[in-house]
Amino acid sequence: GAGVSQSPSNKVTEKGKDVELRCDPISGHTALYWYRQSLGQGLEFLIYFQGNSAPDKSGLPSDRFSAERTGGSVSTLTIQRTQQEDSAVYLCASSLTILAGGYNEQFFGPGTRLTVL
Amino acid sequence: SQQGEEDPQALSIQEGENATMNCSYKTSINNLQWYRQNSGRGLVHLILIRSNEREKHSGRLRVTLDTSKKSSSLLITASRAADTASYFCATRETGANNLFFGTGTRLTVIP
């Protein structure tokens, strides 16, 4: 499989529980992004990793949200003490190194649908 | 927060007709991209237009960009039922790492 993969595809949890979402980017892609999409809405940027640089966490909605990227590859997004408003589809994307002033296409995974009861 | 707003929110057309979707954004951008999303899951990149370009074509897709009006349009010609999906514009602001997505247009092509 050459695409971005995410697991689980669906996650149902109870309010207050912690969840971990996983993203496997395309091999060789140094940039990795997490987005959140609430029902019927556009994508909301959460966090961005680029190589060994410090991540851009400017989109994280609260300190209950955190993400790691180990070894420059797999990433996990953790949501602690989940709330009902956290229910959404969480999408991961990866791309080649961002060119200065330029662009590299982002390839998206299928997403994880999180439902907080 | 979202950068772009799309218009219309929903569009329903007959197969074979053309579909036009518009996107407006707020700040200075490096480029603007259009994505397609089926069934609320993964997005697929369709086309990119840079800030110094005014029009771009790819197959049945035609994208325009007017930086003075901070707006873009996506035209899908000779639509097919398989084009039914949500379409999002996304902008990369100058100096930013991530994309800002619009609210999307839900296109339905009736066979």
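Our subject is the structure that appears above.
First things first, this report covers the structure right here in the doc. (Residues numbered from 1 in each chain as written. Chains lettered and ligands numbered in written order. Predicted model: local features only at pLDDT ≥ 70, side-chain atom pairs only at ≥ 80, totals over all residues. Heavy atoms only, no water.)

### Topic: unusual backbone geometry
Definition in use: Helix and strand assignments follow DSSP, with helices taken as H or I runs no shorter than four residues and strands as E runs no shorter than two, numbered in order from the N terminus. Burial status follows relative accessibility: with a 1.4 Å probe on protein chains alone, a residue under 20% of its type maximum counts as buried, one over 50% as exposed, and anything between as partly exposed.
Look at the link from Ser7 of chain A to Pro8 of chain A: it is a cis peptide, with omega at -10°. Here the amide bond leading from Asp7 of chain B into Pro8 of chain B is cis, since omega sits at 0°, within 30 degrees of zero. Looking at the secondary structure, you find Pro8 of chain B in the loop between strand 1 (5-7) and strand 2 (10-14). Although it is not a glycine, Arg81 of chain A sits at a positive phi angle of roughly 50°. With respect to the element layout, Arg81 of chain A can be found in the loop between strand 7 (75-79) and strand 8 (88-95). With a relative accessible area of 41%, Arg81 of chain A lands in the partly exposed category.

### Section: the layout of surface pockets
Short version of the rule: Lining residues are defined by having an atom within 4 Å of a point belonging to a cavity or pocket. Those points lie on a 1 Å grid over the protein atoms alone, cavities being sets where a 1.4 Å probe fits but cannot get out and pockets being open sets with protein on both sides within 12 Å along at least five of seven lines. Grid points are joined across faces, edges and corners, and a volume is the space filled by probe spheres set on the points. Gly is put with the polar residues, along with every residue not named as nonpolar or charged; the nonpolar set is Ala, Val, Leu, Ile, Met, Phe, Trp, Tyr, Cys and Pro, and the charged set is Asp, Glu, Lys and Arg.
Taken as a whole, the largest pocket spans an internal volume of roughly 400 Å³. Considering the residues around the largest pocket, the lining is formed by 21 residues, among which Gln37, Ser38, Leu39, Gly40 and Gln41 of chain A are closest to the centre. Elements represented by at least two residues in the lining of the largest pocket include exactly strand 8 and strand 10 (112-116) of chain A together with strand 9 (85-93) and strand 11 (105-110) of chain B. Residues that form the lining of the largest pocket fall into these classes: 5 nonpolar, 14 polar and 2 charged.

### Here's the deal with the interface of chain A and chain B
How large an interface is tends to be reported as the accessible area lost when its parts come together. Stated precisely, the cut-off is as follows: Residues are treated as being in contact if the distance between any of their heavy atoms lies within 4.5 Å. Accessible area, probed at 1.4 Å, shrinks when two parts are joined; the buried area is that loss added up over both. Should a side-chain nitrogen of Lys or Arg be within 4 Å of a carboxyl oxygen of Asp or Glu, the pair is scored as a salt bridge. Whenever two N or O atoms come within 3.5 Å, that pair is a polar contact, provided that in protein one can donate a hydrogen and the other can accept it, and provided that, for residues adjacent in sequence, both atoms are side-chain atoms.
Listed as interface residues are 27 residues of chain A and, on the opposing side, 22 residues of chain B. Taking both sides of the interface into account, the surface hidden between chain A and chain B amounts to around 1,800 Å²; carbon and sulfur atoms contribute 47%. Counting every contact that joins chain A to chain B gives 0 salt bridges. Between chain A and chain B we count 2 residue pairs in polar contact (both at pLDDT 80 or more) in total. Of all the secondary structure elements, the ones that give two or more residues to the side of chain A that touches chain B are strand 4 (31-37), strand 5 (43-50), strand 8 and strand 10 of chain A.

### A look at the sheet that holds strand 1 of chain B
Residues and elements named next belong to chain B. Keep this limit in mind: Strands are treated as partners if at least two bridges between them are detected by DSSP. What counts as an axis is a line fitted to C-alpha atoms, over the stretch in contact for a helix, and the angles between N-to-C directions run from 0 to 180 degrees.
The antiparallel open sheet is built from 5 strands, whose spatial order is 1-3-8-7-6. The open sheet has two edge strands with one neighbour each: strand 1 and strand 6 (55-58). The sheet shows a mean angle of 15° between the axes of neighbouring strands, direction not considered.

### Description of the pairing of strand 4 (residues 29-37) of chain B
All names here are of chain B. Of all 9 residues in strand 4, 9 are buried, a share of seventy percent or more. Pairing between strand 4 and strand 5 (residues 43-50): 7 bridges, direction antiparallel. When the bridges of strand 5 are listed, Tyr35 appears paired with His45.

### So, the environment of Gln50 of chain A
All names here are of chain A. Mapped onto the fold, Gln50 is located in strand 5. Using a relative accessible area of 15% as the deciding quantity, one classes Gln50 as buried. Linking Gln50 and Gly72, residues 22 residues apart in sequence, is a C-alpha distance of 8.3 Å. Only 3.0 Å separates the side chain of Gln50 from the side chain of Tyr48, close enough to count as a polar contact.

### Some thoughts on the sheet that holds strand 7 of chain A
Residues and elements named next belong to chain A. On the basis of which strands lie adjacent, the open sheet formed by 4 strands has the order 1-3-7-6 and antiparallel pairing. Across the chains shown, the open sheet's two edge strands, defined by having one partner strand only, are strand 1 (5-7) and strand 6 (65-69). Taken over all neighbouring pairs, the strand axes of this sheet differ in orientation by 15° on average, direction set aside. With 5 bridges joining them, strand 3 (residues 19-24) and strand 7 adopt antiparallel strand pairing. Bridge pairing in strand 7 places Arg22 opposite Thr76.

### Here's the deal with the state of the cysteines
Formally: When two cysteine sulfur atoms lie within 2.5 Å, the pair is treated as a disulfide.
Per the stated rule, a full pass over the model turns up 2 disulfides over all chains. Here Cys23 of chain A is linked by a disulfide to Cys92 of chain A, with a sulfur-sulfur distance of 1.8 Å. In this structure the cystine formed by Cys23 of chain A and Cys92 of chain A twists about its S-S bond by roughly -65°; its chirality is therefore left-handed. With Cys23 of chain A in strand 3 and Cys92 of chain A in strand 8, this residue pair connects regions lying 69 residues apart in the sequence. Across the pair, Cys92 of chain A and Cys23 of chain A agree in class, each one buried. Two residues share a disulfide in this structure: Cys23 of chain B and Cys89 of chain B, whose sulfurs sit 1.9 Å from each other.

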